[in-house]
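Below, each chain spelled out in residue letters.
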Amino acid sequence: MTIVESNATGRAVGGPGLPQRRHLVTEIPGPKSRALLERKSSAVARGVGITLPVFTDVAGGGVLVDVDGNSFIDFGTGIAVTGIGNAAPAVVAAVQEQVERFTHTCFMITGYDSYVGVAEALNRLTPGDHDKRTALFNTGAEAVENAVKIARSYTGRQAVIAFDHAYHGRTNLTMALTAKAMPYKSGFGPFAPEIYRAPLSYPFRDGLDGPAAAKKAIAVIEKQVGASSTAAIIIEPIQGEGGFIVPAPGFLTTLQEWATANGVVFIADEVQTGFARTGRMFASEHEGLVPDLVVTAKGIAGGLPLSAVTGRAEIMDAPHVGGLGGTYGGNPLACAAALAAIDSYENDGLLERAREIETLMLSRLRELQASDPRIGDVRGRGAMIAVEIVDPVTGEPDAALTSKIAAGSHANGVILLTCGTYGNVIRFLPPLSISDDLLHDGLDVVRQALEAA
Ligand code: PLZ
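Residues numbered from 1 in each chain as written. Predicted model: local features only at pLDDT ≥ 70, side-chain atom pairs only at ≥ 80, totals over all residues. Heavy atoms only, no water.

Asks: Help me understand the domain arrangement of the chain, please; the structure alone is not making it clear to me.
Replies: With domains assigned, the chain is organised as domain 1 (3-74 + 349-452) and domain 2 (91-347). Relative placement of domain 1 and domain 2: their C-alpha centres are 26 Å apart. Counting from both sides, the interface comprises 33 residues of domain 1 and, opposite them, 26 residues of domain 2. Summed over both partners, the interface of domain 1 with domain 2 buries about 2,300 Å², with 58% contributed by carbon and sulfur atoms. For the pair domain 1 and domain 2, the interface holds two salt bridges. When the shortest N-O distance is used, the salt bridge between Glu-241 and Arg-427 registers 2.9 Å. The tally of links from domain 1 across to domain 2 stands at 14 residue pairs in polar contact (both at pLDDT 80 or more). (Domains from an automatic or database assignment. Contact = heavy atoms within 4.5 Å. Buried area = accessible area lost by both parts, 1.4 Å probe. Salt bridge = Lys/Arg side-chain N within 4 Å of Asp/Glu carboxyl O. Polar contact = N/O pair within 3.5 Å; in protein donor to acceptor, adjacent residues only side chain to side chain.)

Right, dumping it as structure tokens:
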């Protein structure tokens, strides 16, 4: 049985050349993964969890092959990262070319053109045609922290408004912005001050239209914080970890109008929603939203660690020279990867592909919902789709059933992630390089797991 490709040296290679099929050859986890799991538990801190008990050999297209030779359908993309496909050939080539020239200089010491190129691309692609600037970092959380620094520097104000169900990271400031205690915050306080939380639009649960939900949030901000103390509002245009919650139309734009009228910086956290994931380059575009600052990461570099803050030149340029940076921010390998990935998002029909995936997945999942009342809601955009699992009688979240569906899917060769404040949302984040056949096969596995649960 050979299911992995190899190169001239006999080393396994990933990418789209891998056989695109779900194929299990051992029990899950297989013997090699079990041995690695044992080493993990004696070598790696237990706080670093693992969703599927398997270790990766190669990945590409729409599959991931583990060290025992089991081929999984990838509905996770490493949490919305490898949108253009794992080991995408253009990214591999760009990184290989760069790694032989130089691996690092620190952009704050001596520059290189790929950093500037990524900044130019983000300035061009993020919503709005105003004058923009970009700064590069390593992770989503680090970019969020910097967006807050920049907004505070620009406004001279301190308070930051985040929302119910928000996820912005695991560093100290971003833990404070993140809404969910377990597993992200419990025991890790005290948290950064001057963070306040406003209610979110959650159409499935609050029944409010967008402007009405925004009015509620604005009332909280005005009464509990005060507009004149508020530096920024930060929000995910579609919430990721919080449950793939698409706010009601008009929620985001009403908030933004209020922010603009009150000198408050509007920050869109597009870390999970960015780069064609939702069928647009950025999810803000679905509502014509033009954020003051846009935070990006994940999909930006095809799997290499890179993040960015992009926004209005006058806001971005508020911090003093030397006020922003970091040793690795905008690392040359990550920038080379990003230029290749961005080119692919723009020129390989990936926006259209994301919309096709949306159509296929929504219709299959709504069909399932029609015959199974445990699916309370089907929602999402592009290749960012979710189902909310509920008790059919009470409508209460059913986290236990959700875990069973995920476990049943894992055991049958589908990488499937859950999310949500109540742990009752199954989320689908397939790569845009996946075939329709694999989407259908993966959805069949999920349906069977739901029926069996
Ligand atoms: N903002 C909207 O989705 C990362 C993290 C999962 P980092 N989401 C997945 C986990 O359990 O750690 C994320 C996000 C949004 C910020 C972040 C943070 O990005 O690159 O993980 O720091």
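Asks: What is the right way to look at the side chain of Asp-372 in this model?
Replies: Here Asp-372 is to be found in the loop between α12 (350-371) and β13 (375-381). Note on Asp-372: relative accessible area 10%, which makes it buried. A polar atom in the side chain of Asp-372 sits 2.9 Å from the side chain of Arg-374. (Helix = DSSP H or I, 4+ residues; strand = E, 2+ residues; numbered from the N terminus. Buried < 20%, exposed > 50% of the residue type's maximum accessible area, 1.4 Å probe, protein only.)

Asks: Where do I start with the environment of Thr-273 in this structure?
Replies: By secondary structure assignment, the location of Thr-273 is in the loop between β10 (265-269) and β11 (293-296). Taking the C-alpha atoms as reference points, Thr-273 and Met-384, separated by 111 residues in sequence, lie 7.8 Å from one another. The contact partners of Thr-273, leaving out residues within four places of it in the chain, are Pro-237, Ile-238, Thr-278, Met-281, Ala-283 and Met-384. Among the polar contacts listed, one links the side chain of Thr-273 to the side chain of Glu-270, at a separation of 2.7 Å.

Asks: What is the right way to look at the packing of aromatic side chains in this model?
Replies: Here the structure, examined in full by the defined rule, presents nine aromatic pairs. On the basis of an interplanar angle of 70° and a centroid distance of 4.8 Å, the ring pair of Tyr-167 and Tyr-184 is categorised as edge-to-face. Of this pair, Tyr-167 sits in the loop between β7 (159-163) and α6 (172-177) while Tyr-184 sits in the loop between α6 and β8 (195-198), and the two are 17 residues apart along the sequence. Of note, Lys-185 hangs over the ring of Phe-191, and the distance from its end group to the ring centre comes to 5.1 Å. (Phe/Tyr/Trp six-rings, centres within 6.5 Å; stacked < 30°, edge-to-face > 60°. Lys NZ or Arg CZ within 6 Å of the ring centre and 35° of its normal.)

Asks: Is there a simple way to explain helix α8 (residues 210-224) in this structure?
Replies: Given 3.6 residues per turn, any residue in an α-helix points the same way as the ones three and four places further on. The end-to-end C-alpha separation of α8 is 21 Å, in line with the 21 Å expected for 15 residues at 1.5 Å each. If you check which residues of α8 are buried, you get Gly-210, Ala-213, Ala-214, Ala-217, Ile-218 and Ile-221. Buried residues along α8 cover an arc of 135° about the axis, so they all sit on one side. Away from its buried face by more than 90 degrees, α8 exposes Lys-215, Lys-223 and Gln-224. (Expected span 1.5 Å × (residues − 1). Arc of directions from axis to C-beta.)

Asks: What is the right way to look at the pairing of β10 in this model?
Replies: The side chains of a regular strand alternate, first on one face of the sheet and then on the other. By the criterion of burial, β10 is predominantly enclosed, with five of the five residues buried. Of the two faces of β10, the one lined by Val-265, Ile-267 and Asp-269 and the one lined by Phe-266 and Ala-268 are each fully buried. Summarising the sheet, strand β9 (residues 230-235) and β10 pair through four bridges and their orientation is parallel. Across the sheet, Ile-234 pairs through a bridge with Ile-267, a residue of β10. Alignment of β10 against β11, held across three bridges, turns out to be parallel. Its bridge partner lying in β11, Asp-269 is registered against Val-295. (Pairing = 2+ DSSP bridges.)

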